[in-house]
Amino acid sequence: GVDDYGKIADTYVVVRYGNYYVGYNRAKGMHSGTQMAANKVTVIESGSGYSQSTIVAEIDEGSSATVSGVVVDFIGTDNTGDMALVAMYTSSCPFPTCCEGPMCPPVDTGSPTSSPTS
């Protein structure tokens, strides 16, 4: 969440795609009194210029929401609850099938089978 900004290397507090912003609304520190979407991943649509923004999704841990063709999947948090693992993907490339990078879980390809004998 925002309270942990800069404390953990190679992490993001907010991710932008188009007019949407995705972030983890951790109820901690300066946000400890938050009442709306506490400890949820939020998707916020920004208006143009200085207009009001709108929350379009509040996602609980283990759930997902599809916004403008992009699936936002709140996979879980670390053992302290301070950091959220969020996957974003399209329906044509679901997580973790097309996932690349160190945060991706290994994909189970099944057990090897014996070669045919005939």
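An account of the accompanying structure is given in this report. (Residues numbered from 1 in each chain as written. Predicted model: local features only at pLDDT ≥ 70, side-chain atom pairs only at ≥ 80, totals over all residues. Heavy atoms only, no water.)

### Overview of the pairing of strand β1 (residues 14-17)
Bridge count between β1 and strand β2 (residues 20-25): 4 bridges; the pairing is antiparallel. Among the inter-strand pairings, arginine 16 is bridged to a residue of β2, identified as tyrosine 21. In this antiparallel pair of consecutive strands, β1 and β2, the connection spans 2 residues, and glycine 18 shows a positive phi of 60°. (Pairing = 2+ DSSP bridges. Helix = DSSP H or I, 4+ residues; strand = E, 2+ residues; numbered from the N terminus.)

### A few points about a nonpolar patch on the surface
Side chains of Tyr12, Val15 and Met88 sit close together on the surface and give an oily, nonpolar patch of about 310 Å² of accessible area. Residue position: valine 15 is located in strand β1. (Patch = residues over 30% accessible without salt bridge, like charges linked within 9 Å, V, L, I, M, F, W, Y side chains within 5 Å. Areas by Shrake-Rupley, 256 points an atom, 1.4 Å probe, with all protein chains shown as cover. Salt bridge = Lys/Arg side-chain N within 4 Å of Asp/Glu carboxyl O.)

### Let's talk about the environment of phenylalanine 95
Structurally, phenylalanine 95 can be placed in the segment after β7 (84-89). For the pair formed by phenylalanine 95 and valine 71, sequence separation is 24 residues and the distance between their alpha carbons is 9.3 Å.

Any functional reading would require information that these geometric values do not contain.
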